[in-house]
Every structure is written in C-alpha cells, then in structure tokens.
Amino acid sequence: MKITILGNSSASPSVGRHPSAQVVQHDQHMFLVDCGEGTQYQLIRYKIKYGGIDHVFISHLHGDHFFGLLGLITTYYLNSRTRPLHIHAHRQLEGFVNAMLKLTQTTLGFPIIYHYLKPEVAETIFETDSAKVNAFPLDHRVDTHGFLFADKRDPSKSYAYCSDTRFTPEIVPHIENVGLLYHEATFGDDKEESAARKFHSTARQAAQIASLARSEEHTSELQSHLNIVC
C-alpha cells in the first residue's frame, strides 16, 4: 500500500500547499481520496498515471475537497476515456456534476457510477478479495465521512483518512489498530475553543485520537503524520 499526499492545505491554497487530495495505491487499484482544486497538476507533478484511477472517494462537499473533480472528469472526456468512473460521495455531488456538464454541453463517453455515502452511517463501501474500504461518519458542519483502506490479507497494512472533523473519540472503534493515520489538525492547542466552534481539530486532539486508536506509526513519527492540515 502506497500513500501520496497531493494536497494538505486549509480551505485556501497557498504557495507550496494545495487543497486536500491523496492517492492510495493498493495492488492494482489506484484510489483518489478527495479532489481539491489543482489535483490534476499534483498528479502530473508526482508522475501518477491518473488515467488508472477508477474510484474516487469524496469525504464531504466543501469546495476545498472536491472542486478539482470536474476538471479531472473533463480531462478524462478529452482523453476519450471509456471505462466507468466510480465516485463514492454524498448524494448531492451528482447533481452538481450533472449541472456543470449540462452547462458546458459536455457529453461524456464513459459512465459515472455514483455510490452514495449514507449520513451518519458506517459501512463497507468497496471490497475485493484483497482490499476493503470502510466509510465512517465524522463530526463537521456538513455530512462528512472518513475512510479506512485495509489489506484483507495483512490487517497491519491499513490506512485511515480523517478529514475535517471536530475532536470525536467516537471514531476510534472504526480506526482501531490502524497501521497509518492521517487526521486533520487545523488549529494549534491554544485555539481549542475556536476549533470546536468551527468543527475542526487541534494538533493535540489529532494526537489523542492516534493514541486512543493505538496507531502503530504514531509513536515514532507523530510529527510527520499528524501535523497535516486538511
């Protein structure tokens, strides 16, 4: 399993940092997790063959997590893609994409298959003989899900993506003993009240979630893995 962080900035892009997007590669699968503005440029920069992406997972419908999706879909159209594209997201995203395609008079040569995330529901949303992806609810201003990518042959090879969320220990059972944890940390510890009010977490709270989940990586590499801003 290989993880590539394409963007980890807050809502507004900044020099050297991009809105949220990641690629999770497992065996023959290449999963795109969130697709903020500029994701295509980052895919090119990291020499990732994005034509091989068949599944996109969108954590929630705030622009910095999905505004790059329409551009990626358009590029697939321009490159004459025919394979289906599976999008795992909250229901409202389909209407947004359809409206933009209609506005631009774009008729795709490939189907988009939507798999709706159910608000407040934790469930398995993708599974093969070797891999499984679970979605679980987070605590944000809009319906938001985290994702757990797991190798069914080796439980220690697992990766949890917890995007924008208030500190919520209720997610711990969904990520218990995860091999690698990515958890947003938009605020420092001195801004704990502001973080709660704005439905985000502090760096200390992200570390607390890692400790509760007993993430194998967090003890030795806490700084590199948890001080990441979504």
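See the structure shown above.
These lines cover the structure that appears in this document, whether it is placed above or below. (Residues numbered from 1 in each chain as written. Predicted model: local features only at pLDDT ≥ 70, side-chain atom pairs only at ≥ 80, totals over all residues. Heavy atoms only, no water.)

**Some thoughts on the sheet that holds strand β2 (residues 21-26)**
For clarity, the cut-off: Strand pairing is assigned whenever DSSP identifies at least 2 bridges connecting the two strands. A run of H or I in DSSP counts as a helix once it spans at least four residues, and a run of E counts as a strand once it spans at least two, with each numbered from the N terminus. For helices, the fitted line uses only the C-alpha atoms of the stretch in contact; every axis is such a line through C-alpha atoms, and the angle between N-to-C directions lies from 0 to 180 degrees.
The strand order across the open sheet built from six strands is β1-β2-β3-β4-β5-β6, with neighbouring strands paired in mixed fashion. Both edges of this open sheet fall to β1 (2-7) and β6 (112-116), since each of them pairs with a single strand only. Neighbour-to-neighbour, the strand axes of the sheet open up by a mean angle of 20 degrees, direction not taken into account. Summarising the sheet, β2 and strand β3 (residues 29-35) pair through six bridges and their orientation is antiparallel. From the neighbouring strand, V23 faces β3, where its bridge partner is L32.

**Here we look at the pairing of strand β7 (residues 123-127)**
Pairing between β7 and strand β8 (residues 131-137): four bridges, direction antiparallel. Note on β8: the bridge partner recorded for E127 is K132. Once β7 ends, the chain turns through three residues before running back antiparallel as β8.

**Observations concerning the sheet that holds strand β9 (residues 145-151)**
Pairing is mixed in the open sheet, where five strands are placed in the order β7-β8-β9-β10-β11. Each having just a single partner strand, β7 and β11 (180-183) make up the two edges of the open sheet. Geometrically, the sheet is characterised by an average inter-axis angle of 15 degrees between neighbouring strands, direction not taken into account.

**Notes on unusual backbone geometry**
Heads up, the condition is: Type-normalised accessible area, obtained with a 1.4 Å probe on protein chains alone, sets the label of each residue: buried when under 20%, exposed when over 50%, and partly exposed for intermediate values.
Phi is positive for K47, close to 55 degrees, though the residue is something other than glycine. Relative to the helices and strands, K47 resides in the loop between α1 (39-45) and β4 (55-57). Take K47: its relative accessible area is 75%, and that puts it in the exposed class. Phi at N177 takes a positive value of approximately 60 degrees, unusual for a residue other than glycine. By the element assignment, N177 lies in the loop between α4 (172-175) and β11. Residue classification places N177 among the partly exposed positions, given a relative accessible area of 41%.

**Concerning helix α3 (residues 92-103)**
In an α-helix there are 3.6 residues to a turn, and that puts residues three or four apart on one side. Operational definition: Multiply 1.5 Å by the residue count of a helix minus one, and that product is the helix's expected span. Of all possible arcs, the one meant is that of the directions from the helix axis to the C-beta atoms. By definition in these notes, contact holds between two residues if any of their heavy atoms fall within 4.5 Å.
Between its first and last C-alpha, α3 extends 17 Å over twelve residues, near the 16 Å set by a 1.5 Å rise per residue. Those residues of α3 not exposed but buried are L93, V97 and L101. Here the buried residues of α3 occupy an arc of 65 degrees about the axis, which is enough to place them on one side. Facing away from the buried surface of α3 by more than 90 degrees, the exposed residues are Q92, K102 and L103. Contacts made by the buried residues of α3 are with α2 (69-78), β5 (85-89) and β6. Looking one or two residues beyond α3, the residue adopting positive phi is Q105, at roughly 55 degrees.

**What to know about the pattern of salt bridges**
Once the charged atoms of two side chains with opposite charge are near each other, the side chains can pair. The test is simple: Note on definitions: salt bridges are taken to be side-chain nitrogens of Lys or Arg within 4 Å of carboxyl oxygens of Asp or Glu.
Enumeration over the complete set of coordinates arrives at nine salt bridges. Note that R83 is salt-bridged to D54, the shortest N-O span being 2.7 Å. Separated by 29 residues along the polypeptide, R83 in the loop between α2 and β5 and D54 in the loop between α1 and β4 bring together distant segments of the chain. Overall, the relative accessible area of 36% leaves R83 in the partly exposed class. By relative accessible area, D54 is classed as partly exposed at 25%. For R153, the salt bridge goes to D151, with nearest N and O atoms at 3.1 Å. Among the charged side chains, a salt-bridge network with shared partners connects D27, D151 and R153.

**Remarks on the pairing of strand β10 (residues 158-162)**
Of all five residues in β10, five are buried, a share of seventy percent or more. On β10, burial covers both faces: S158, A160 and C162 on one face and Y159 and Y161 on the other are all buried. Across four bridges, the pairing between β9 and β10 is antiparallel. The residue bridging F149 from the neighbouring strand is Y159, located in β10. Summarising the sheet, β10 and β11 pair through four bridges and their orientation is parallel.

Function-wise, these values are silent; they only describe arrangement.
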